[in-house]
Amino acid sequence: MQQKHSNLAASLVWFTAAISMAEILTGTWFAPLGWKQGIIAILLGHIIGGVMFFCAGFIGAKTQKSAMQTVQISFGQKGSVLFSVLNAMQLIGWTAVMIYMGAEVISILNQQEAQNAFFPLFTVGLGVLIIVWLLMGFSNLGVIKSLSLVTMFLLMLWLTLQIISRDFMPPVGEHQIKFGTAVEIAAIMPLSWLPVVSDHTKHTKTPLKTTALSTLAYTVTSCWMYSIGLGAALVSGKSEIAQILALSGVSIVGVMIVVTSTMINTALPAHSTGMSLNNIYAKLSVKWVSILTVVTGIILATMLPVTQYEHFLFFIGSVFAPMIGVLIADFFVFKQSEPQRSIDVIGLGVWFIGFIIYRVLMWQEWETELGVTVPVIAFTFGLTILVRKLTKK
């Protein structure tokens, strides 16, 4: 019975992580494609990202290592520091995005636009709630967390019913989006969790089952959130979360549910920031680094337009797509489960080549119908095998 509970708990972690305003907002970007093409892009991208999500989680489950410890397999103990820093940067970015969106939803209660005199107070207030949650142990208050999860699920179900019961407007959007770019944006969201997923699968006694359930829970729920965003944009003609919720008739109770869920979900990237930096310097307190992350997120959410994060997503893809390509080759082909050296020059070199290729492809807009992630991962996977074999000879 304990193992069943462990599998259920792991699935609920990722189910909760996927129910996010950030995912819904990203889904609105697909509106220029229309409903049919938008849904295909969402599904295709999540299949690509979900496979990588599974691989990362399975490696951690089999080796019983945290996410950053698995990265050491391919890049060395000191080499993994680079990815700890980059992961901390993206997690701070996500913390800011989630705080901004939560404050934007609170602004509905004030019946004003998000950027008003009270907006900084909303961001600070929400940040304080997140910090209190972290100080109370991050995983405590199980009843409140469970209640928030259930009510958020019901709210998303209600919003889904509202969308499917209405007629779609013509596709909206200030600019067109290519199908391949949409697939890439859908794939990047699961990729952004690669440096975190093993933290929640490493203690399992059934690696395949736990990882599969976690992957399924996140991927299906994330597709649902993207689809809500797409459908809401086509129904309302709007792409801002607050306006979508307001036009859909969300009550004060619904808004507070969203705020509570945002508070809980934001604690996850904040906590993971502490885990990443702890990999660099073990004496760092995970809890206090997490709190500092929230404070930084408050500042960024107040001062910057953090919801304009398309380039931020592509940066995440350029870092973690080649990273997982190298790691998959080392673990599944060469059966490596421990770092071979302090700094693995080969692993880092192949990753850097993949990083540059990703950036060039996006800059030149050369993405395929499958986006950029697939060719970059395939390239780094093959190059890792080739170079490893040549150097061993």
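Residues numbered from 1 in each chain as written. Predicted model: local features only at pLDDT ≥ 70, side-chain atom pairs only at ≥ 80, totals over all residues. Heavy atoms only, no water.

### Describing the overall build of the protein
Summing up its helical and strand segments, the protein has 16 helices and zero strands in all. Out of the 393 residues belonging to the protein, those deemed buried represent 57%. Within the protein, counting contacts between residues at least 6 apart in sequence, those at least 24 apart form 87% of the total. In the form shown here, the protein has an accessible surface area of approximately 16800 Å², with 68% of it arising from carbon and sulfur atoms. (Helix = DSSP H or I, 4+ residues; strand = E, 2+ residues; numbered from the N terminus. Buried < 20%, exposed > 50% of the residue type's maximum accessible area, 1.4 Å probe, protein only. Contact = heavy atoms within 4.5 Å. Areas by Shrake-Rupley, 256 points an atom, 1.4 Å probe, with all protein chains shown as cover.)

### Topic: the packing of aromatic side chains
Considering all chains together, one arrives at 17 aromatic pairs under this definition. The interplanar angle of 5° and the centroid separation of 5.4 Å between the aromatic rings of phenylalanine 53 and tyrosine 218 together place this pair among those described as stacked. Highlighted residues: phenylalanine 53 in helix H3 (residues 34–63) and tyrosine 218 in helix H10 (residues 207–236), separated in sequence by 165 residues. Here the two residues phenylalanine 53 and tyrosine 218 agree in accessibility, since each one is buried. Taken together, Phe75, Phe83, Trp351, Phe352 and Phe355 form an aromatic cluster joined through their ring pairs. (Phe/Tyr/Trp six-rings, centres within 6.5 Å; stacked < 30°, edge-to-face > 60°.)

### Considerations on the confidence of the model for the protein
Taken residue by residue, the protein gives an average pLDDT of 84. The fraction at 70 or more is 85%. A low-confidence stretch, residues 1–5 stays under pLDDT 50, and its non-local contacts, those more than four residues away or across chains, total four contacts. (pLDDT = per-residue confidence, 0-100.)

### Looking at the pattern of salt bridges
A full pass over the atoms with the stated rule returns four salt bridges. Of the charged contacts, one joins aspartate 330 and arginine 388 as a salt bridge, the two residues approaching to 2.9 Å between their closest N and O atoms. In this pair, aspartate 330 is assigned in helix H14 (residues 310–333) and arginine 388 in helix H16 (residues 373–392), connecting sequence segments 58 residues apart. Under the relative-accessibility criterion, arginine 388 is labelled buried at 5%. For arginine 341, the salt bridge identified is with aspartate 344, shortest N-O distance 3.1 Å. Shared partners join several salt bridges into a network, and the residues in it are Asp330, Arg341, Asp344 and Arg388. (Salt bridge = Lys/Arg side-chain N within 4 Å of Asp/Glu carboxyl O.)

### With respect to unusual backbone geometry
Positioned with a positive phi, glutamine 64 is a non-glycine residue whose angle comes to about 55°. Structurally, the position occupied by glutamine 64 is in the loop between H3 and helix H4 (67–75). Residue classification places glutamine 64 among the exposed residues on the basis of a relative accessible area of 54%. Even without being a glycine, lysine 335 presents a positive backbone phi close to 60°. Structurally, the position occupied by lysine 335 is in the loop between H14 and helix H15 (345–363).

### What about the nonpolar core?
Residues Phe30, Met156, Leu194 and Tyr309 are the most contacted members of the largest nonpolar core, which totals 87 residues. The contact partners of tyrosine 309, leaving out residues within four places of it in the chain, are Ala22, Leu25, Thr26, Trp29, Trp94, Val97 and Met101. (Core = buried A, V, L, I, M, F, W, Y, C linked by side-chain atoms within 4.5 Å.)

### Focus on H4
Along an α-helix, a turn takes 3.6 residues, which lines up residues three or four apart on a common side. Among the nine residues that make up H4, eight are buried, leaving the element largely enclosed by the rest of the structure. What H4 keeps buried is the set Ala67, Met68, Thr70, Val71, Gln72, Ile73, Ser74 and Phe75. At the exit of H4 stands glycine 76, carrying a positive phi of roughly 85°.

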